[in-house]
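Each chain, written out:
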Amino acid sequence: MAKLYFRYGAMNSGKSTALIQVAFNYEQRGMKAILIKPSIDTKGGDKVVNRTGYERKVDYLISRDDNILEVLDLNNLPDAILIDEAQFLTPKQVDELYRITKLYDVPVLAYGLRANFQQEPFEGSPRLLLIADSIEELKTICRCGKKATQNMRLLNGKPVFEGDAIYIDGSGEFTYESVTYESVCGECYLKFKDEALKNNK
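Please read all numbers here as calculations on a predicted model, not as lab measurements. (Residues numbered from 1 in each chain as written. Predicted model: local features only at pLDDT ≥ 70, side-chain atom pairs only at ≥ 80, totals over all residues. Heavy atoms only, no water.)

**With respect to the nonpolar core**
Most often, soluble globular proteins keep nonpolar side chains buried together rather than apart.
Right, so step 1: Membership of the largest hydrophobic core comes to 22 residues, with the highest contact counts inside it found for Leu-4, Leu-72, Ile-81, Ile-83, Leu-97 and Ile-100.
Right, so step 2: Counting residues per element, the ones that place at least two in this core are strand S1 (4–8), strand S2 (33–38), strand S6 (80–83), helix H3 (91–103), strand S7 (108–112) and helix H4 (124–131).
Right, so step 3: Residues contacting Ile-83, with those up to four places away along its chain left out, are Leu-19, Ile-36, Leu-89, Leu-97, Val-108, Leu-109, Ala-110 and Tyr-111.
Right, so step 4: Within the second largest apolar cluster, 14 residues are counted, among which are Ile-20, Tyr-26, Ala-80 and Leu-109. (Core = buried A, V, L, I, M, F, W, Y, C linked by side-chain atoms within 4.5 Å. Buried < 20%, exposed > 50% of the residue type's maximum accessible area, 1.4 Å probe, protein only. Helix = DSSP H or I, 4+ residues; strand = E, 2+ residues; numbered from the N terminus. Contact = heavy atoms within 4.5 Å.)

Below, the structure is given as structure tokens:
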């Protein structure tokens, strides 16, 4: 029976790179994999883009109102379904993907973040952590050399810990270029957070 996989990691842990590689691997074996991305992720438009410059066009951009079981042709499913930025899925959409693995025997590989820059969960991540058949952490390192587990938002190069939970491609009051993210370990995250709180008093 096919499985629902959740492969998570802090930013810069190679999630999109791994997804593109998996799609390539399926095609090299004469099999078909389709790519799905939530439409809220406007970075790259209709493409999955990684930080090294590789990109791949997605087959479906889905909104939070879409029923994945209705978007896909259930009579002509691929050999695998790959999801980029899976944290933006709704819990209902995660359940729909789970249903595909169990009732249609198609593996689903979902790549995404566990939590945002405030250490709060995205909408889809808790459901994925609860029902995925296989959960794997993709690792990256902090500036201090320890394993990075947290996502820190930077505004003009300075850590910030308040603001909208989701900020993509210039949405909101700041330009996209002024907002960046850094993967850090828990110790560095708390150190920068305490420093920011102290400076804002």
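**Some words on the packing of H3 against H4**
Right, so step 1: Close contact between H3 and H4 brings their axes to 8 Å; oriented N to C, the two are set at 35°. Crossing handedness for the pair H3 and H4: right-handed. Contact residues: H3 offers Pro-91, Val-94, Asp-95 and Tyr-98, while H4 offers Gly-124, Arg-127, Leu-128 and Ile-131.
Right, so step 2: Looking at the contact of H3 with H4 residue by residue, the classes come out as 5 nonpolar, 1 polar and 2 charged. (Axes fitted to C-alpha atoms, helices over the stretch in contact; angles between N-to-C directions. Left-handed = near helix turned anticlockwise from the far one by under 90°. Nonpolar A, V, L, I, M, F, W, Y, C, P; charged D, E, K, R; others polar.)

**Concerning the packing of aromatic side chains**
Right, so step 1: The final tally for this structure, using the stated rule, is 3 aromatic pairs.
Right, so step 2: Plain terms: the ring middles of Phe-6 and Tyr-8 are 5.9 Å apart, the flat faces sit at 35° to each other, and that makes the pair tilted. Each member of the pair Phe-6 and Tyr-8 is classed as buried.
Right, so step 3: Relative to Tyr-189, the ring of Phe-161 lies with its centre 5.2 Å away and its plane at 90°, an arrangement referred to as edge-to-face. Of the two residues, Phe-161 sits in the loop between strand S10 (158–160) and strand S11 (179–184) while Tyr-189 sits in helix H5 (residues 186–199), which places them 28 residues apart along the sequence. Judged on exposure class, the residue Phe-161 and its partner Tyr-189 are both buried.
Right, so step 4: The ring of Tyr-5 has Arg-7 sitting right over it, with the charged end atom 5.4 Å from the ring centre.
Right, so step 5: One residue, Arg-153, lies across the ring of Phe-117, its end atom 3.8 Å from the ring centre. (Phe/Tyr/Trp six-rings, centres within 6.5 Å; stacked < 30°, edge-to-face > 60°. Lys NZ or Arg CZ within 6 Å of the ring centre and 35° of its normal.)

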